[in-house]
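Structural features, examined
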Amino acid sequence: MNKEPIILAIESSCDDTGAAVLREKKVLSNIIANQNIHSQYGGVVPELASRAHQQNIIPVVSTAIKLAKIKKEDINAIAFTKGPGLLGSLIVGTSFSKSFALGMDIPIISVNHMQAHILAHFIDDNSSIPNFPFLCLTVSGGHTQIVKVKSHLDMEIIGTTIDDAAGEAFDKSAKILGLPYPGGPLIDKNAQRGNIFAFKFGVPKVKGLDFSFSGLKTSILYKIQKHVNDNPNFIKENLEDLCASIQYSIVDILINKLLMAKNQTGINEIAIAGGVSANSYLRNSLNLLSQKHNFNIHFPKFEYCTDNAAMIGIAGYFKYINKNFSDQRVVPSARLSF
Ligand code: KG4
Ligand code: ZN
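As a convention, each chain's residues are numbered from 1 in the sequence order in which they are written. The order in which chains are written sets their letters, starting at A; the order in which ligands are written sets their numbers, starting at 1. The model is predicted, so local features are restricted to residues of pLDDT at least 70 and side-chain atom pairs to those at 80 or more, both for listing and for counting; the totals for chains, interfaces and linings are taken over all residues. Computation of side-chain values covers all heavy atoms of the structure but excludes hydrogens and water.

1. Here we look at the domain arrangement of the protein chain
- With domains assigned, the protein chain is organised as domain 1 (6–120 + 307–321) and domain 2 (128–299).
- A C-alpha centroid distance of 27 Å is found between domain 1 and domain 2.
- Three residues, M114, I118 and F318, lead the burial of domain 1 against domain 2; their summed loss comes to 43% of the area buried on that side.
- We count a salt bridge whenever a side-chain nitrogen from Lys or Arg sits within 4 Å of a carboxyl oxygen from Asp or Glu. Between domain 1 and domain 2 we count zero salt bridges in total.
- Any N or O atom pair separated by 3.5 Å or less is treated as a polar contact, with the protein-specific requirement of one donor-capable and one acceptor-capable atom, and with residues adjacent in sequence counted only for side-chain atom pairs. Counting every contact that joins domain 1 to domain 2 gives zero residue pairs in polar contact (both at pLDDT 80 or more).
- Strands are runs of DSSP state E lasting at least 2 residues, helices are runs of H or I lasting at least 4, and numbering of each runs from the N terminus. Looking at the side of domain 1 that touches domain 2, the elements that each hand over two or more residues are α3 (113–119) and α9 (310–321).
- If one sorts the elements of the side of domain 1 that touches domain 2 by residue count, α3 sits on top with five residues.
- The nonpolar class holds Ala, Val, Leu, Ile, Met, Phe, Trp, Tyr, Cys and Pro. Asp, Glu, Lys and Arg form the charged class, and all remaining residues, Gly among them, are polar. Partitioning the side of domain 1 that touches domain 2 into residue classes produces six nonpolar, five polar and two charged. Note that the domain bounds were set by an automatic or database domain assignment. For any pair of parts, buried area is found by adding up, for both, the accessible area (1.4 Å probe) each one loses once the two are put together.

Right under this line is the structure:
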């Protein structure tokens, strides 16, 4: 067993093809090929995604190995995303990883994508590392979870969405505003100079630590339709205020549940992860609230918020040192839980 293993990591759960090389907890290279083809359809088209993964995976892996300044033979193990995600996309990464492991005679490590988002906090990049146990708000295009993280490999979901994910709420709202997919970053950008209180939308009432975003989306849709009927230029004239108000509504739901989880568990070590953790209003709000509500807040670096292979590599590292390997019979799982 190598104490400083070199791990090649593959991410292909949705529409980004990623490959990374890590030496222990340090990232030597982290390559991502985005698939622009989906923006014209307003969302990810699964069949097109898996086809693009097939085209991208070899060049992405070759580039990652080259930029890491290592040889294929130096790699001690390959880690890949087993799920959750789109099955056709996952199959490409899984098949590639199995073949590579077989060809190079190295162990294969399967990784849960959502756990990997959380473990991105442990990449050795000089950012603050949360202490165990901590709470992680994991917010992406497909998931919204509050996770109690007891150790690198022991995690418990204590809250989840009963319908849409937070990222979906951002993307679907952006679509209503006529913004291209993925709309989350564009709402963030347009909201910078908007008034968060300009428009009020329906607030969901969900018990406990669970979330709901579908009612909010409908409320946004109806309110905007009503205004557009009166004034066809309504969206254009109010884009910044609309973005700020929508962003405020989504972030407010997330923060209220996170504070509830903090009070229920007594844990004051808090982290955020997943694509939506790149959101500037969420980050600023949590920074401000951390003093008032007495908790420590940890953010991942921007490049490790949205889907990437480095996070699969760090999760692979922790499984490697625990000798937690898979075998050639491993299959991807679209609905993988913890
Ligand atoms: O984690 P991720 O890259 O992919 C999934 O696993 O789903 O998350 C993608 C989601 C998208 O919904 C995207 O709109 C959202 O993250 N997102 C943001 C921002 N950056 C990415 N949402 C709000 N503000 C951002 N700055
Ligand atoms: Zn993700």
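From this point, things continue past the structure.
2. Details of the pairing of strand β2 (residues 16–23)
- Extensive coverage of β2 is indicated by the burial of seven of its eight residues.
- Paired strands are those between which DSSP finds at least two bridges. Where strand β1 (residues 6–11) lies against β2, six bridges are found, and the strand directions are antiparallel. Paired with E11 across the two strands is G18, which belongs to β2.
- Two successive antiparallel strands, β1 and β2, enclose a turn made up of four residues.
- Where β2 and strand β3 (residues 26–34) come together, eight bridges link them in antiparallel fashion. In the sheet register, G18 faces β3, and the bridge partner there is I32.
- Linkage of β2 to β3, two consecutive antiparallel strands, is achieved through a turn of two residues, within which E24 is found at a positive phi near 50°. Exposure categories follow from relative accessible area, calculated using a 1.4 Å probe and restricted to protein chains: below 20% of the type maximum is buried, above 50% is exposed, and the middle band is partly exposed.

3. A closer look at the environment of A174
- Mapped onto the secondary structure, A174 falls in helix α4 (residues 166–176).
- Along the chain, A174 and C14 lie 160 residues apart, while their C-alpha atoms are 19 Å from each other.
- Contact partners of A174, with chain neighbours within four places excluded, come to L179, G183 and I187. It only takes one pair of heavy atoms within 4.5 Å for two residues to be counted as in contact.

4. A look at the coordination of the zinc ion (ligand 2)
- Within the protein, H113 (NE2), H117 (NE2) and D307 (OD) serve as the donor atoms for the zinc ion (ligand 2), at 2.0 to 2.1 Å.
- The sequence pattern describing where the donors of the zinc ion (ligand 2) fall on their chain is H-x3-H-x189-D. Here H117 and H113 lie together in helix α3, a separation of four residues that amounts to about one turn. Listed donor atoms are N, O and S within 2.8 Å of the metal (Na, K and Ca: 3.2 Å). As water is not included, a site may look incomplete.

5. Remarks on the nonpolar core
- Within the largest apolar cluster, 45 residues are counted, with the highest numbers of intra-cluster contacts made by L137, L177, F213, I250, L254 and L286.
- Contributing elements (two or more residues each) for this core: β6 (134–139), α4, α5 (184–191), α6 (214–230), α7 (234–265), β9 (269–273) and α8 (280–292).
- Considering every element that reaches this core, the biggest residue donor is α7, with 15 residues.
- Non-local contacts of L286, meaning those with residues more than four positions away in its chain, are made with I255, L258, I272, F295, I297 and F299.
- The next biggest cluster of nonpolar side chains, apart from the first, holds 31 residues, and it includes I118, F122, V149 and M311. To qualify as a nonpolar core, a set must consist of buried Ala, Val, Leu, Ile, Met, Phe, Trp, Tyr and Cys residues joined through side-chain atoms within 4.5 Å.

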